[in-house]
Amino acid sequence: MFAAMKRRLRKFTAAPRGQRFRAHYDRMQQRPHLVRTLLVVGFGLLLLALGMVMLVLPGPGLLVGFAGAALIAGESKWAAGLLDRVDLRVARLFRRWRR
């Protein structure tokens, strides 16, 4: 199980920044499955809602919300493009901050 997760993470990080989530979306669309899509989108929406709640309550709201958005990005090209843009902006801000 962990070997498969490690392999998927390597494939994800092998793509250049700004294209990672769309590449993941393309890989997921090569093997479409209705039940998987419904479960992933449902769980992603649940994590997004929990992340919003945790922004007000104690907890890692941004991290949980981002995990939910990443799950949805595997099934939605629009969400994948949005997360690619966010990835580029965060990387740019991080580089500026480190200077």
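Let me sum up the structure you'll find in this document.

Criteria and cut-off values
- Residues numbered from 1 in each chain as written.
- Predicted model: local features only at pLDDT ≥ 70, side-chain atom pairs only at ≥ 80, totals over all residues.
- Heavy atoms only, no water.
- Helix = DSSP H or I, 4+ residues; strand = E, 2+ residues; numbered from the N terminus.
- Buried < 20%, exposed > 50% of the residue type's maximum accessible area, 1.4 Å probe, protein only.
- Contact = heavy atoms within 4.5 Å.
- Lys, Arg positive; Asp, Glu negative; His and termini not counted.
- Charge placed at Lys NZ, Arg CZ, Asp CG, Glu CD.
- Phe/Tyr/Trp six-rings, centres within 6.5 Å; stacked < 30°, edge-to-face > 60°.
- Axes fitted to C-alpha atoms, helices over the stretch in contact; angles between N-to-C directions.
- Parallel < 35°, antiparallel > 145°, perpendicular 65-115°, else oblique.
- Left-handed = near helix turned anticlockwise from the far one by under 90°.

## A few points about the overall build of the protein
Helix and strand counts for the protein come out as five helices and zero strands. If you list the helices and strands of the protein from N to C, you get α-α-α-α-α. Taken along its principal axes, the extent of the C-alpha atoms in the protein is 45 × 35 × 30 Å. Counting every position in the protein, which comprises 99 residues, the buried fraction comes to 27%. A separation threshold of at least 6 residues defines the contact pool for the protein, and within that pool the share at least 24 residues apart is 58%. The averaged location of the 4 negative side-chain charges in the protein is 7 Å from the averaged location of its 19 positive side-chain charges.

## A few points about the packing of aromatic side chains
By convention here, two paired aromatic rings are described through the distance between centres and the angle between planes. Taken as a whole, this structure holds three aromatic pairs when the rule is applied. Ring centres 5.0 Å apart and planes at 75° place the aromatic pair Phe12 and Phe21 in the edge-to-face group. The same class applies to Phe12 as to Phe21, namely buried. With a centroid separation of 5.8 Å and 35° between ring planes, the pair formed by Phe94 and Trp97 is classed as tilted. With Phe94 and Trp97 both in helix 5 (residues 77–98) and three residues apart, this pair spans about one turn of that helix. Judged by relative accessible area, Trp97 falls into the exposed class, the value being 67%. Members of the aromatic cluster, each reached through a chain of ring pairs, are Phe12, Phe21 and Phe66.

## Some remarks on the packing of helix 3 (residues 34–56) against helix 4 (residues 61–73)
Direction vectors running N to C along helix 3 and helix 4 enclose 160°, while the axes themselves pass 7 Å from each other. For the element pair helix 3 / helix 4, the angle class is roughly antiparallel. Once helix 3 is placed against helix 4, the crossing between them reads as left-handed. Each of Val40, Val41, Phe43, Gly44, Leu45, Leu47, Leu48, Leu50, Gly51, Met54 and Leu55 in helix 3 lies in contact with helix 4, whose residues at this interface are Gly61, Leu62, Val64, Gly65, Ala67, Gly68, Ala69, Leu71 and Ile72.

Keep in mind these values describe shape, not function.
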